[in-house]
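Residue-level listing of the chains:
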Amino acid sequence: MLKLYGVVKSRAMRPLWLLEELGEPFEWVPAGPQSEGVRAVSPLGKVPVLVTDEGPIFDSVAQMTWLADRAGRFTHPAGSYQRARQDGLTNTINETFDAVLWAYAKHSFVLPEERRVPEVKESLRWQFGRYAAVMAELIEGPCVMGEEPLIPDFLLAHCCGWAAGLKFDLPEGLRAHMNAMRARPAFRRALARE
Ligand SMILES: N[C@@H](CCC(=O)N[C@@H](CS)C(=O)NCC(=O)O)C(=O)O
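Small disclaimer: the values here were computed from a predicted structure and weren't measured.

## A look at the overall build of the protein
When helices and strands are tallied, the protein shows 8 helices and 4 strands. Here the C-alpha radius of gyration of the protein, 17 Å, is about what a compact globule of 194 residues would show, namely 16 Å. Expressed along its principal axes, the backbone C-alpha trace of the protein runs to roughly 45 × 45 × 30 Å. The proportion of buried residues among the 194 residues of the protein is 34%.

This is the structure:
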């Protein structure tokens, strides 16, 4: 059986949510970054780690992609033009949302205090605002690529929840998308995990 290591308040929420959407049986192993349990399955010590019969998979987007491809759900088929567009959106969200939020977190509390540059945070907040405005325009509606949610929808909704927690401004289009995604029963089930 699949085993997912992580904590709800981390990027582990992404594969956790997708597993709930898919109704796939899995074992949830609540374990924080750099904990002994996580380091036993990942040399990076980062969460999430998805342990499969064939070995561990690192990185939340790789895990979501693998789960979606296997199930043939929440994704366009690999090799299709639509999949290339989908991957373009996924990678763009990673680059413009995840990377900016992560840099903000690193300079807030992740890095050792003497390595933090708090001055960069205002610039990151500004960058996020610019990217958010563009992303809001890219949403075809109600989901990123039309009617049905795909991997970039889960990623975007997760990043927007993260941003909202940091009191970043979210354009109305992104807030509406996030709220609609978070109203899904699978999200509520994932959130209820310890
Ligand atoms: N790109 C990776 C990033 C994983 C990551 O940095 N996870 C954070 C928690 S959300 C972590 O484990 N941080 C601890 C560390 O960097 O040592 C993913 O999407 O899974």
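## Overview of the domain arrangement of the protein
The domain architecture assigned to the protein consists of domain 1 (2–74) and domain 2 (81–184). Relative to domain 2, the C-alpha centre of domain 1 lies at a distance of 20 Å. Counting from both sides, the interface comprises 9 residues of domain 1 and, opposite them, 8 residues of domain 2. The set of elements that each furnish at least two residues to the side of domain 1 that touches domain 2 consists of helix H1 (13–22) and helix H3 (60–71). In terms of residue class, the side of domain 1 that touches domain 2 is built from 7 nonpolar, 1 polar and 1 charged.

## Things to note about the pairing of strand E3 (residues 49–52)
Along any regular strand the residues' side chains alternate between the sheet's two faces. As paired elements, strand E1 (residues 2–6) and E3 share 3 bridges and run antiparallel to each other. Residue pairing in the sheet places Lys 3 in a bridge with Val 51 of E3. Pairing geometry for E3 and strand E4 (residues 55–58), over 4 bridges, is antiparallel. Along E4, the bridge assignment pairs Val 51 with Pro 56. Count of turn residues in the E3/E4 antiparallel hairpin: 2 residues.

## Section: the site of the ligand
The environment of the ligand is formed by Ser 10, Arg 11, Pro 33, Gln 34, Gly 45, Lys 46, Val 47, Pro 48, Asp 59, Ser 60 and Val 61. Class assignment of the residues belonging to the shell around the ligand gives a composition of 4 nonpolar, 4 polar and 3 charged.

## Section: the pairing of strand E2 (residues 26–30)
Where E1 and E2 come together, 5 bridges link them in parallel fashion. Within the sheet, the bridge partner assigned to Tyr 5 lies in E2 and is Val 29. The parallel pair E1 and E2, bridged by H1, forms a crossover whose chirality is right-handed.

## Re helix H5 (residues 120–138)
An ideal rise of 1.5 Å per residue puts 27 Å on 19 residues; H5 measures up with 27 Å between its terminal C-alpha atoms. Inspection of H5 places Leu 124, Phe 128, Ala 132 and Met 135 among the buried residues, and these make up the whole buried set. End-on view of H5: buried residues confined to an arc of 75°, all on one side of the axis. Turned more than 90 degrees away from the buried face of H5, the exposed residues are Glu 122, Trp 126, Arg 130, Val 134 and Glu 137. Residues of H5 that are buried in the fold lie against helix H4 (81–110), helix H6 (151–165) and helix H7 (172–182).

## Things to note about H1
By the criterion of burial, H1 is predominantly enclosed, with 9 of the 10 residues buried. Buried within H1 we find Met 13, Arg 14, Pro 15, Leu 16, Trp 17, Leu 18, Leu 19, Glu 20 and Glu 21. Contacts made by the buried residues of H1 are with E1, E2, E3, H3, H6 and helix H8 (185–191). Of the residues one or two after H1, Gly 23 is the one with positive phi, at around 65°.

About the cut-offs
Residues numbered from 1 in each chain as written. Predicted model: local features only at pLDDT ≥ 70, side-chain atom pairs only at ≥ 80, totals over all residues. Helix = DSSP H or I, 4+ residues; strand = E, 2+ residues; numbered from the N terminus. Rg over C-alpha atoms; globule rule 2.2 N^0.38 Å. Buried ≥ 20, exposed ≤ 12 C-beta atoms within 10 Å, placed from the backbone. Domains from an automatic or database assignment. Contact = placed C-beta atoms within 7 Å. Nonpolar A, V, L, I, M, F, W, Y, C, P; charged D, E, K, R; others polar. Pairing = 2+ DSSP bridges. Near = placed C-beta within 6 Å. Right-handed = clockwise from strand over helix to strand, strands pointing away. Expected span 1.5 Å × (residues − 1). Arc of directions from axis to C-beta.

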